[in-house]
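# Overview (structure and organization)
The chain contents come next:
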There are 2 protein chains.
Amino acid sequence: MQYSSAAMEQAISELSKLPGIGRKSAQRLVFHLLKASNTEVQGLANALLAMKEKICFCTVCFNITEVDPCQICTSVTRDRGTICVVEEANDVLAIEKTGEYKGLYHVLGGALSPLEGVGPDDLHIRDLLTRLNGSTNEIILATNPNTEGEATALYLEKLIKPLEIKMTRIARGLPVGSAIEYADEITLTRALEGRMPV
Amino acid sequence: MQYSSAAMEQAISELSKLPGIGRKSAQRLVFHLLKASNTEVQGLANALLAMKEKICFCTVCFNITEVDPCQICTSVTRDRGTICVVEEANDVLAIEKTGEYKGLYHVLGGALSPLEGVGPDDLHIRDLLTRLNGSTNEIILATNPNTEGEATALYLEKLIKPLEIKMTRIARGLPVGSAIEYADEITLTRALEGRMPV
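Residues numbered from 1 in each chain as written. Chains lettered and ligands numbered in written order. Predicted model: local features only at pLDDT ≥ 70, side-chain atom pairs only at ≥ 80, totals over all residues. Heavy atoms only, no water.

## Looking at the relation of the copies chain A and chain B
You can overlay chain A on chain B at an RMSD of 0.1 Å; the transform is a turn of 180° with a shift of 0.0 Å along its axis. Given the turn and translation reported, the copies of this chain are related as if by a two-fold rotation axis. Scanning chain A for the C-alpha nearest the rotation axis identifies Ala45(A), at a separation of 2.3 Å. Take the interface residues of chain A: 100% of them recur as interface residues in chain B, which is what a same-surface contact looks like. (Least-squares fit on C-alpha atoms with pLDDT ≥ 70 in both. Contact = heavy atoms within 4.5 Å.)

## Section: the environment of Leu33(B)
Relative to the helices and strands, Leu33(B) is located in helix α2 (residues 23–35). Under the relative-accessibility criterion, Leu33(B) is labelled buried at 4%. Taking the C-alpha atoms as reference, Leu33(B) lies 9.9 Å from Leu44(B); in sequence the two are eleven residues apart. Setting aside residues no more than four positions away along its own chain, Leu33(B) makes contact with Leu18(A), Leu48(A), Met51(A), Lys52(A), Val41(B) and Leu44(B). (Helix = DSSP H or I, 4+ residues; strand = E, 2+ residues; numbered from the N terminus. Buried < 20%, exposed > 50% of the residue type's maximum accessible area, 1.4 Å probe, protein only.)

## Examining the pattern of salt bridges
A full pass over the atoms with the stated rule returns 18 salt bridges over all chains. In this structure, Glu9(A) engages Arg23(A) in a salt bridge whose closest nitrogen and oxygen atoms are separated by 3.2 Å. Remark: Arg23(A) occurs in helix α2 (residues 23–35) and Glu9(A) occurs in helix α1 (residues 6–16); sequence separation between them is 14 residues. What makes Glu9(A) buried here is its relative accessible area of 15%. Look at Arg23(A) and you get partly exposed, because its relative accessible area is 30%. Between Asp121(B) and Arg126(B) there is a salt bridge whose closest N-O contact spans 3.1 Å. On the accessibility criterion, Arg126(B) (59% relative accessible area) is exposed. (Salt bridge = Lys/Arg side-chain N within 4 Å of Asp/Glu carboxyl O.)

## Some details on the sheet that holds strand β4 (residues 103–107) of chain A
All names here are of chain A. As summarised here, the arrangement of the four strands in space is β4-β3-β5-β6, forming an open sheet in which the pairing is parallel. A strand with exactly one partner marks an edge of an open sheet, and here the two such strands are β4 and β6 (166–169). Looking at each pair of strands side by side, their axes are set apart by 25° on average, direction ignored. When strand β5 (residues 138–141) meets β6, the two strands line up parallel, connected through four bridges. Bridging from a neighbouring strand, Leu 141 pairs with Arg 169 of β6. On the sheet, helix α5 (residues 89–98) packs against β3 (79–86) and β4 and is oriented at approximately 155° with respect to β4. Each of β3, β5 and β6 touches helix α7 (residues 147–160); the most contacted strand, β6, lies at about 170° to it. (Pairing = 2+ DSSP bridges. Axes fitted to C-alpha atoms, helices over the stretch in contact; angles between N-to-C directions.)

## A closer look at the packing of helix α3 (residues 38–54) of chain A against helix α3 (residues 38–54) of chain B
Interhelical geometry of α3(A) versus α3(B) gives an angle of 170° and a closest axis separation of 10 Å. Comparing their axes, α3(B) and α3(A) come out roughly antiparallel. Between α3(A) and α3(B), the contacting residues are Asn38(A), Val41(A), Gln42(A), Leu44(A), Ala45(A), Leu48(A), Leu49(A) and Lys52(A) on the first element and Asn38(B), Val41(B), Gln42(B), Leu44(B), Ala45(B), Leu48(B), Leu49(B) and Lys52(B) on the second. Residue composition of the contact of α3(A) with α3(B), by class: ten nonpolar, four polar and two charged. (Parallel < 35°, antiparallel > 145°, perpendicular 65-115°, else oblique. Nonpolar A, V, L, I, M, F, W, Y, C, P; charged D, E, K, R; others polar.)

## A word on the interface of chain A and chain B
Taken together, the contact between chain A and chain B spans 52 residues of the former and 52 residues of the latter. A combined buried area of about 4,500 Å² lies between chain A and chain B, and 76% of that area is made up of carbon and sulfur atoms. When residues of chain A are sorted by the area they lose upon contact with chain B, Leu34(A), Met51(A) and Lys52(A) head the list and together hold 15% of the total. Counting every contact that joins chain A to chain B gives two salt bridges. Two residues, Lys35(A) and Glu88(B), come together in a salt bridge whose shortest N-O distance is 3.1 Å. Summed over the shared surface of chain A and chain B, the number is twelve residue pairs in polar contact (both at pLDDT 80 or more). For the side of chain A that touches chain B, the secondary structure elements donating two or more residues are α1, α2, α3 and α5 of chain A. With 14 residues, the single largest contributor to the side of chain A that touches chain B is α3(A). The residue makeup of the side of chain A that touches chain B, split by class, is 30 nonpolar, twelve polar and ten charged. (Buried area = accessible area lost by both parts, 1.4 Å probe. Polar contact = N/O pair within 3.5 Å; in protein donor to acceptor, adjacent residues only side chain to side chain.)

## Observations concerning the packing of aromatic side chains
Residue and element names in this part refer to chain A. One pass over the structure, following the stated rule, counts two aromatic pairs over all chains. Arranged with centres 5.1 Å apart and planes meeting at 65°, the rings of Tyr 101 and Tyr 105 form a pair that is edge-to-face. Across this residue pair, the class does not change: Tyr 101 and Tyr 105 are buried. (Phe/Tyr/Trp six-rings, centres within 6.5 Å; stacked < 30°, edge-to-face > 60°.)

## Digging into the domain arrangement of chain A
Here the domain parsing of chain A yields domain 1 (6–54) and domain 2 (64–169). Each of domain 1 of chain A and domain 2 of chain A has a C-alpha centre, and these two points are 34 Å apart. (Domains from an automatic or database assignment.)

Below is the structure:
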């Protein structure tokens, strides 16, 4: 549906560019914003601009941050010998939420995906290699447990192996609270492979 | 999950206020915007502000417009004797898309809903009554065919009846392309009630 108002058409088209928002959802958002107060719309627009202006990527670990290098990279209380390699910045936040991990991170910025044209040079893999020095004791490969994530972990494994640094991969198994009966075959296979002494 | 960046937290909280966007979706949007170019984010923010600045509500029919009164209300080619009463401005756009209707509109701004605290005074019902004059031949009640919409139509029917203006309600029946087998009982009842001579 084309609108007679160019301003409205423009807003709908801009909102439709966002992931998970189609033209119909964009229309609904626009109608909501038209009914909302001016302050609300300005609040939203300014928050987006302020966020974009203030937040940058850490030049060491490529996590998002307001100061460069980021608070994790400059922290004196964290274990600088461990680097956890993840695909995206939201993975860092998910791991931080557990409160269990005290090392550093390295955000790749995605996963290898030949189908989508993402090769090693599109990720921060070279930057990871330059970070590795005598003080690195362990690299945790925490890419997603899907095809792209596993391929990326395998690629990193082969690349880092010659450096003789300890490498680990996060465990794949049954999620806590789930039931064996409903688990898929691959997850169950990984859960059996990764069984631990009790 | 709380973020260390206040700017990011603010953007997430503003986006979560939009209908159909929860905190998780807002997070995904924010991560998308952080990866997007500055121009893209500015484009989005400016489109929203421009839309809000340019678009207002027509003081006659309460449809959204860039000029007040709106193009439909001031049109000389449209049938000024017919007023189609709808709940929201997007209903106007949906009806305009058919290209079949040549009369005027009146946007109520919602439907009666005692549960949500929406009473007659919250809608543009009084404004509708003041629009009605000797030249109004027909009022088409095109509120949604759901509980609130039907209640609103019934309310308007009783209110306008003493004025002795012809009132019609849009037909409820089977959607084109559907099958009787899968139609719900109420729709089928309405389809039978509204049967037309062939």
